[in-house]
Number of protein chains: 2
Amino acid sequence: MDWGGEKTGSTLDMGKRGVKITINDIAKLANVSKSTISRVINNSGPVSEETKRAVVDAMNTLDYHPNEIARSLSLKRTHTIGVIVQDIRNPYYANASWYAERYFRDFNYNSIICNADNDPTVEESFLRAMKFRNVDGILLVGVQEEAGRLLSFNTSNDIPLVMVDREISGSEIFSVVLDNVYGGQLVVDYLFSSGHRRIAFVTSGFTQAERDRLEGYIAAHRNRNMQIDPSFIITQSEEMWHRGECPELMKLLRRKDRPTALFASNDYKALQMLKLLRRSSIDVPEEVSIVGYDDIESSSIIYPSLTTVHQPIDKMIDQGARMLLDIVRGGQPEDRKVIMRPWLVERESTSHI
Amino acid sequence: MDWGGEKTGSTLDMGKRGVKITINDIAKLANVSKSTISRVINNSGPVSEETKRAVVDAMNTLDYHPNEIARSLSLKRTHTIGVIVQDIRNPYYANASWYAERYFRDFNYNSIICNADNDPTVEESFLRAMKFRNVDGILLVGVQEEAGRLLSFNTSNDIPLVMVDREISGSEIFSVVLDNVYGGQLVVDYLFSSGHRRIAFVTSGFTQAERDRLEGYIAAHRNRNMQIDPSFIITQSEEMWHRGECPELMKLLRRKDRPTALFASNDYKALQMLKLLRRSSIDVPEEVSIVGYDDIESSSIIYPSLTTVHQPIDKMIDQGARMLLDIVRGGQPEDRKVIMRPWLVERESTSHI
DNA sequence: CTTTCAACTGGAACCGGTTCCACCTAAGTA
DNA sequence: TACTTAGGTGGAACCGGTTCCAGTTGAAAG
């Protein structure tokens, strides 16, 4: 909780009404030079026990805390991490960003959290802004960046960068990813084993992750030699999803050979679909089963609670954040790429047929 | 989106591989002194058109962006706002913090967002930490601070401070609040007019807001000369709510004269109750009506969707953030206290009887 | 009793900006 | 012609730290 510096007295009334204590005040009181104070604070050079004691005493009596700004200026590091999140309206990422913030704060780093809003342009401008803000490192969470731009940013630049929940295939960029193809297969295999044969996939196809889940969906069909009706793959813009509409899905559901199960590329879309089906008086899971992906908090709160794929986003953030801080501090993480596997959480939105 | 500084070229590859351009480079290239460059950047002194042009040219060719850290050091302002939020696990506040962040960024301020986690001690330590981080101002969102400490912090200190969704009565602290007593009455009046006579109030009683809503609940009863059964007021710790249990409520619901309506002091608790009732197979709203307070996003997504009191948190944040920036920039907001009124949103979790 | 070396310490430059003050120049005024 | 005066500019100090370098000291080694 404490962001660095010594523990202080218990009153909030410090610093004698706005007058800031500087290293010079301590130097004067302890009768030593600035250099020595600095050495004591940073443990960066020999100081006799005696003077050290005097300095610490002086710091305590004046309740001194080094000015981080000045320190940043000479050290050229700001103790700040930039976190760029794909879409903060998606609770999964909202959650992720909070994990990240907490993690960094535990290690005495501030976070600047930015919402890329699914827009590569916005993303690029944040990337640039962060550079000028002198962040020590950047964590890209679920961000969709065209490979080229990001690579040029990264290679031309010395700002450490780690991607979580996304990667740029073939690149050397540090990343923590989930096996989304595997996850997609997981869902379809589960539905198959529950007796479903007509399974639709509903997505915006916007991110690589979503495309990978689709690939898993296709692979699972292929493994069982099942045909896929192309009209069972519904792609529609994020904007439409935010508006809560999906005409194509509604059309599909009016067919007599409609799907018995719907697989949404993420929980957000699954929840929207749930709303749509309720509006059309189609019972879930009695008439149609729904599976999501992400396991956001709402998924377990709503009724029917959502069968979904759980991604250990907290663990992933932990991993990514650890890697990033490693690099920031001059180390080298063992792995450039960590791949984690999601698992299925069975709830009420699916049924056997 | 742009955090200050000029528009730049379109490639992310800037600054010649990590070599930072400083004001001295510009001075050299434009053949003028640092002072003049500074005057051009800040428009803070007379510069001839001719030299100004030369300086701007130089800045463009080298793609120069002033170092914010150095600027902060001499100007003693960091363009950073501290935002302390009561409880980030509560989506209502999660939302609020995002509005705040967005607002400040639009005005070129960074935000440091901290979760007080319902703990005054944590809160105090953040307050202190922010002081040492040299934030330009602090926005307290729904934070529960013992009056004394905060006042001493505020008076001893020159950091501008604005409270949103909470206040310290009798103090001069800038604040934007909702009329929670009014809101509490609103709910009870609505339930009365729907025919309900046995209405329970369920809370943690932790915040002043919740206590005010209770006061409204009581006032509405008094206005109609109705007795309140003391066992209809259920108070239980936040921790228990996070765990999703409420034994006292379950006991109350087993009585034959059980309440016909439950009024939760916020949506989070309402959602937890919904889950509890579902587990006990009590139908909402057929058997028991539920009303929440806050109108968080999930309230409209879940089934049954929640009748609740909508608080224009976005507008409140706007107000509070505007006030704060006003003060930060040396101005004086017209009002020290802005009081806003919530309104009721009728959905599916309540019925007439 | 010198020499050597390590421990300790202070001075000054530096990080990259801002700002006060002094100076110069050219135009306006007495 | 001499005297203001305002516009335009550079120099230097300053913000509050870090760090290199050189100097002092005291004890151990020769």
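None of these values were measured; they are calculated from a predicted model. (Residues numbered from 1 in each chain as written. Chains lettered and ligands numbered in written order. Predicted model: local features only at pLDDT ≥ 70, side-chain atom pairs only at ≥ 80, totals over all residues. Heavy atoms only, no water.)

## Concerning the nonpolar core
Working step 1: Formed by 144 residues in total, the largest nonpolar core has its most connected members in Phe104 of chain A together with Phe104 of chain B.
Working step 2: Among residues more than four places away in sequence, those in contact with Phe104 of chain B are Ile81, Val83, Tyr109, Ser111, Leu139, Ala321, Leu324 and Leu325 of chain B. (Core = buried A, V, L, I, M, F, W, Y, C linked by side-chain atoms within 4.5 Å. Buried < 20%, exposed > 50% of the residue type's maximum accessible area, 1.4 Å probe, protein only. Contact = heavy atoms within 4.5 Å.)

## Quick word on the protein's contact with DNA strand D
Working step 1: Neighbouring DNA strand D are 28 residues; Ile23, Lys34 and Ser38 of chain A together with Arg39 and Thr51 of chain B lie closest to it.
Working step 2: Protein-adjacent atoms of DNA strand D, using a 4 Å cutoff, are sugar or phosphate at a proportion of 56%.
Working step 3: Interatomic distance of 2.9 Å between a side-chain N/O atom of Thr36 of chain B and a phosphate oxygen of DNA strand D.
Working step 4: Thr51 of chain B places a polar side-chain atom, nitrogen or oxygen, 2.8 Å from a phosphate oxygen of DNA strand D.
Working step 5: Breaking the surface near DNA strand D down by element, the ones donating at least two residues are helix 3 (34-42) and helix 5 (68-75) of chain A together with helix 3 (34-42) and helix 5 (68-75) of chain B.
Working step 6: Split into classes, the residues belonging to the surface near DNA strand D amount to ten nonpolar, 13 polar and five charged. (Near = heavy atom within 4 Å. Polar contact = N/O pair within 3.5 Å; in protein donor to acceptor, adjacent residues only side chain to side chain. Helix = DSSP H or I, 4+ residues; strand = E, 2+ residues; numbered from the N terminus. Nonpolar A, V, L, I, M, F, W, Y, C, P; charged D, E, K, R; others polar.)

## A look at the pattern of salt bridges
Working step 1: As enumerated under the stated definition, the model contains 29 salt bridges over all chains in all.
Working step 2: Residues Arg258 of chain A and Glu287 of chain A are paired through a salt bridge, measuring 3.3 Å at the closest nitrogen-oxygen approach. A residue pair is termed long-range when its members are at least 10 positions apart, and Arg258 of chain A in the loop between helix 12 (247-254) and strand 8 (261-264) and Glu287 of chain A in the loop between helix 13 (267-279) and strand 9 (289-291) qualify at 29 residues.
Working step 3: When its relative accessible area of 37% is taken as the criterion, Glu287 of chain A is described as partly exposed.
Working step 4: In this structure, Glu167 of chain B engages Lys337 of chain B in a salt bridge whose closest nitrogen and oxygen atoms are separated by 2.9 Å. (Salt bridge = Lys/Arg side-chain N within 4 Å of Asp/Glu carboxyl O.)

## Comments concerning the sheet that holds strand 4 (residues 161-164) of chain B
Residue and element names in this part refer to chain B.
Working step 1: Within the open sheet, the six strands sit side by side as 2-1-3-4-5-11. Their pairing is parallel. A single partner strand is all that each edge strand has here, and the edge strands are strand 2 (110-115) and strand 11 (337-340). Pairs of neighbouring strands in the sheet enclose a mean axial angle of 15°, with direction left out of account.
Working step 2: Where strand 1 (residues 80-85) lies against strand 2, six bridges are found, and the strand directions are parallel. Looking across to strand 2, one finds that Gly82 is bridged to Ile112. (Pairing = 2+ DSSP bridges. Axes fitted to C-alpha atoms, helices over the stretch in contact; angles between N-to-C directions.)

## Details of the pairing of strand 3 (residues 137-141) of chain A
Residue and element names in this part refer to chain A.
Working step 1: Here strand 3 lies mainly inside the structure; five of its five residues are buried.
Working step 2: When strand 1 (residues 80-85) meets strand 3, the two strands line up parallel, connected through five bridges. In the strand pairing of strand 3, Gly82 is matched with Ile138.

## Brief notes about the protein's contact with DNA strand C
Working step 1: The environment of DNA strand C is formed by 28 residues, the closest being Arg39 of chain A together with Ile23, Lys34, Ser38 and Asn42 of chain B.
Working step 2: Here, DNA strand C places atoms within 4 Å of the protein, and 58% of those atoms are sugar or phosphate.
Working step 3: Measuring from a phosphate oxygen of DNA strand C, one finds a side-chain N or O atom of Thr36 of chain A at 3.0 Å.
Working step 4: One of the side-chain N or O atoms of Tyr64 of chain B is found 3.0 Å from a sugar or linking oxygen in DNA strand C.
Working step 5: The set of elements that each furnish at least two residues to the surface near DNA strand C consists of helix 3 and helix 5 of chain A together with helix 3 and helix 5 of chain B.
Working step 6: For the surface near DNA strand C, the residue count by class is ten nonpolar, 13 polar and five charged.

## Let's talk about the confidence of the model for chain A
Working step 1: For chain A, the average pLDDT comes to 87, and 91% of its residues sit at 70 or higher.
Working step 2: Counted against residues more than four places away or in other chains, residues 1-17 of chain A, with its pLDDT under 50, gives 39 contacts. (pLDDT = per-residue confidence, 0-100.)

## Comments concerning empty space enclosed by the protein
Think of a ball as big as a water molecule: rolled over the atoms, this probe shows where empty space is left.
Working step 1: One pass over the structure, following the stated rule, counts four cavities of 30 Å³ or more.
Working step 2: Space inside the largest cavity adds up to approximately 370 Å³.
Working step 3: Counting only elements with at least two residues in the lining of the largest cavity, the list comes to helix 5 and strand 2 (110-115) of chain A together with helix 5 and strand 2 of chain B.
Working step 4: Its residues placed into classes, the lining of the largest cavity shows four nonpolar, twelve polar and four charged. (1 Å grid on protein atoms, 1.4 Å probe; cavity = no way out; pocket = protein on both sides within 12 Å on 5 of 7 lines; lining within 4 Å. Points joined across faces, edges and corners; volume = space filled by probe spheres on them.)

## With respect to the domain arrangement of chain A
All names here are of chain A.
Working step 1: Per the domain assignment, the segments of chain A are domain 1 (15-74), domain 2 (78-177 + 314-335) and domain 3 (180-312).
Working step 2: Here the C-alpha centre of domain 3 lies 29 Å away from the C-alpha centre of domain 2.
Working step 3: In this complex, domain 2 contributes 13 residues to the contact, which on the side of domain 3 involves 13 residues.
Working step 4: At the boundary of domain 2 with domain 3, total buried surface from both sides reaches about 1,200 Å², with 52% on carbon and sulfur atoms.
Working step 5: At the boundary of domain 2 and domain 3, one finds four residue pairs in polar contact (both at pLDDT 80 or more).
Working step 6: Every element with two or more residues in the side of domain 2 that touches domain 3 is listed here: helix 6 (91-106) and helix 15 (313-328).
Working step 7: Tallying contributions element by element places helix 15 first for the side of domain 2 that touches domain 3, with three residues.
Working step 8: In terms of residue class, the side of domain 2 that touches domain 3 is built from three nonpolar, four polar and six charged. (Domains from an automatic or database assignment. Buried area = accessible area lost by both parts, 1.4 Å probe.)

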